[in-house]
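Single-letter residue listing:
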Amino acid sequence: VAVAMAFCSVKAFSLRGMRLKRGMLDILILGDSSTGKGSIAEGLVNYFNLGQVASGESSTYAGLVAAVESIGKQWMIRWGLIPMNNGRLVLIDEMSSMSTHDIGKLTRIRSEGIAESNKVRSDRAEALTRMIWLSNTRSGRLLSSYPYGVTAARELVGAVEDVRRFDFVLFIGDEEVDTESINTFEEFD
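Described in the following lines is the structure provided in the data block. (Residues numbered from 1 in each chain as written. Predicted model: local features only at pLDDT ≥ 70, side-chain atom pairs only at ≥ 80, totals over all residues. Heavy atoms only, no water.)

## Section: empty space enclosed by the protein
- Scanning the entire structure with this criterion turns up 1 cavity of 30 Å³ or more.
- Taken as a whole, the largest cavity holds about 40 Å³ of empty space.
- Lining the largest cavity are Arg22, Ile82, Ile109, Arg110, Ala127, Thr129 and Met131.
- Classifying every residue of the lining of the largest cavity gives 4 nonpolar, 1 polar and 2 charged. (1 Å grid on protein atoms, 1.4 Å probe; cavity = no way out; pocket = protein on both sides within 12 Å on 5 of 7 lines; lining within 4 Å. Points joined across faces, edges and corners; volume = space filled by probe spheres on them. Nonpolar A, V, L, I, M, F, W, Y, C, P; charged D, E, K, R; others polar.)

Structure follows, in structure tokens:
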């Protein structure tokens with residue numbers, strides 16, 4: 001349901017006469033290994049044939065937001081995965097492989113939907129992108145070993161202001177649903 005919510009979230013909406021420019025959801029699904037986070041999320045990306053999947057292990061700020069490169073004597077901005085999927089969805093698997101420093105550099109793009117490059121050449125691009133972040137805990141400990149799920153989220157993401165930017169966080173522990181129940185096939189009438 002959390003993954004489907006991200007797919008169905010609206011680009012923008014009005015609330016009590018005030019236009020909110022960012023309605024697209026930014027969701028974190030944090031949990032133990034082998035709980036189905038990746039298979040369900042990637043399965044829905046494939047089913048809907050929408051969105052792009054990236055690995056946190058190979059995601060850098062430049063790859064997600066922007067990089068400046070020289071082509072001959074010209075400096076060009078190469079927009080990253082998030083602005084290139086403006087109006088669509090990006091799923092980042094294994095967020096724990098990203099540094100908290102790199103996650104912190106995504107604050108503006110996550111809150112305002114604006115990608116910026118302020119290097120040799122400066123520019124801005126709209127990046128109202130639905131985001132789904134999947135991860136195990138940063139320490140590798142079981143989720144149940146934390147006093148609260150949000151404690152694991154803080155360790156994973158870093159700064160409180162970056163945790164706050166998630167619209168929805170789902171915590172999945174490996175003991176929550178019995179493995180036999182998960183693997184039981186039920187036929188519905």
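## Quick notes on helix α2 (residues 37-48)
- Spanning 12 residues, α2 covers 17 Å between terminal C-alpha atoms, matching the ideal 16 Å at 1.5 Å per step.
- Every buried residue of α2 is accounted for by Lys37, Gly38, Ala41 and Val45. Along the axis of α2, the buried positions cluster into a sector of 85 degrees, meaning they face one direction only. Every exposed residue of α2 that faces more than 90 degrees away from the buried side is listed here: Ser39, Ile40, Asn46 and Tyr47.
- Structurally, α2 contributes buried residues whose contacts are with α1 (2-8), β3 (26-31), β4 (52-55), β7 (89-93), β10 (130-135) and β11 (168-172).
- Immediately downstream of α2, the backbone of Asn49 shows phi near 55 degrees, a positive value. (Helix = DSSP H or I, 4+ residues; strand = E, 2+ residues; numbered from the N terminus. Expected span 1.5 Å × (residues − 1). Buried < 20%, exposed > 50% of the residue type's maximum accessible area, 1.4 Å probe, protein only. Arc of directions from axis to C-beta. Contact = heavy atoms within 4.5 Å.)

## Structural notes on a nonpolar patch on the surface
- A cluster of nonpolar side chains, Val10, Phe13 and Leu15, forms an exposed patch at the surface whose accessible area comes to about 250 Å².
- Structurally, Phe13 is set in strand β1 (residues 13-15). (Patch = residues over 30% accessible without salt bridge, like charges linked within 9 Å, V, L, I, M, F, W, Y side chains within 5 Å. Areas by Shrake-Rupley, 256 points an atom, 1.4 Å probe, with all protein chains shown as cover. Salt bridge = Lys/Arg side-chain N within 4 Å of Asp/Glu carboxyl O.)

## Focus: unusual backbone geometry
- Residues other than glycine seldom take positive phi values, yet Ser34 does so here, at roughly 60 degrees.
- Position of Ser34 among the secondary structure elements: in the loop between β3 and α2.
- By relative accessible area, which is 80% here, Ser34 ends up exposed.
- A positive phi angle is found at Glu94, which is not glycine, with a value near 60 degrees.
- With respect to the secondary-structure elements, Glu94 resides in the loop between β7 and α5 (100-104).

## A short note on the nonpolar core
- Judged by nonpolar contacts, the single largest core of 30 residues is most densely connected at Leu28, Leu64, Ile92, Met95, Trp133 and Val157.
- Those elements that provide at least two residues to this core are β3, β6 (74-79), α4 (81-84), β7, β10 and α7 (149-157).
- Among the elements that make up this core, the one with the highest residue count is α7 (4 residues).
- Contacts of Met95, omitting those with residues within four sequence positions, involve Leu28, Ile103, Trp133, Leu134, Ser135, Arg138, Leu156, Val157 and Phe166. (Core = buried A, V, L, I, M, F, W, Y, C linked by side-chain atoms within 4.5 Å.)

## Concerning the pairing of β6
- Two strands pair when backbone bridges link them, and strand β5 (residues 66-71) and β6 are joined in this way by 6 bridges, in the antiparallel orientation. Counted as the bridge partner of Ile71 is Gln74 from β6.
- The loop that links β5 with its antiparallel partner β6 comprises 2 residues; one of these, Gly72, has a positive phi angle of about 65 degrees. (Pairing = 2+ DSSP bridges.)

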